[in-house]
Every structure is written in C-alpha cells, then in structure tokens.
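Notes for the structure review
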Amino acid sequence: MATKIFVRERRKVEKGEKKPRFRVVGVTGGDLKIYAEHFRKKELEQIAQESGSAIVWLDAGKGKGDGEGKGEHKSKRRSASTGE
C-alpha cells in the first residue's frame, strides 16, 4: 500500500504572510511519522519525494472564511451540559 499524506490549507494564514500555509491532517500506509503540524508546500513536496509518498490536497470548506462557525465551540457545549 502506498503512503499518502493528507493536507489542507490553513484557515488563519493570509497571502503574503510568512507562515507555513498547510496543515497535515493524516497519513496512511507505510511507516511515516510527522512531528510538526504546519508546513510549507515545498517542505511537503520534499518529504513526499524522499519517502515515496503521494500528497492528497484536500478541498477547503465552504464557509464564509470569517472564522465564525455554525455554533459555539464544543468545549462550551460540554461545560454547559455538565453545569460547570
């Protein structure tokens, strides 16, 4: 089974910003361990080339891009249900 690296674009990074733009979501197959969370495209391509992996670019969500979710954060829901 070929190793696949699943990647999506980070939401909080804007164009021109000097921060890594991509986040590794998961890895399947092979014996590849990834210790960082955020990567530049060049770094991902280099890792894939050296490890013989394929990169799967995931589609972005369909939100407005304003960071406002559909509801409240799950930690707030959890505290409301426990009465804390």
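I will try to describe carefully the structure that is included in this document. (Residues numbered from 1 in each chain as written. Predicted model: local features only at pLDDT ≥ 70, side-chain atom pairs only at ≥ 80, totals over all residues. Heavy atoms only, no water.)

1. Section: the pattern of salt bridges
Inclusion rule: In what follows, salt bridge is the name for a side-chain nitrogen of Lys or Arg lying within 4 Å of a carboxyl oxygen of Asp or Glu. A helix here means a DSSP run of H or I that spans at least four residues, while a strand means a run of E at least two residues long, and both kinds are numbered starting from the N terminus. The rule is simple: take the accessible area with a 1.4 Å probe, protein chains only, and divide by the maximum for that residue type; under 20% is buried, over 50% is exposed, in between is partly exposed.
In this structure the tally under the stated criterion is four salt bridges. A salt bridge links E37 to R23, with the nearest nitrogen and oxygen atoms 3.2 Å apart. Highlighted residues: E37 in the loop between strand 2 (22-28) and strand 3 (38-39) and R23 in strand 2, separated in sequence by 14 residues. On the basis of relative accessible area, E37 is assigned to the partly exposed category, the value being 45%. Among the ionic pairs, R40 bridges to E43, the shortest N-O distance being 3.8 Å.

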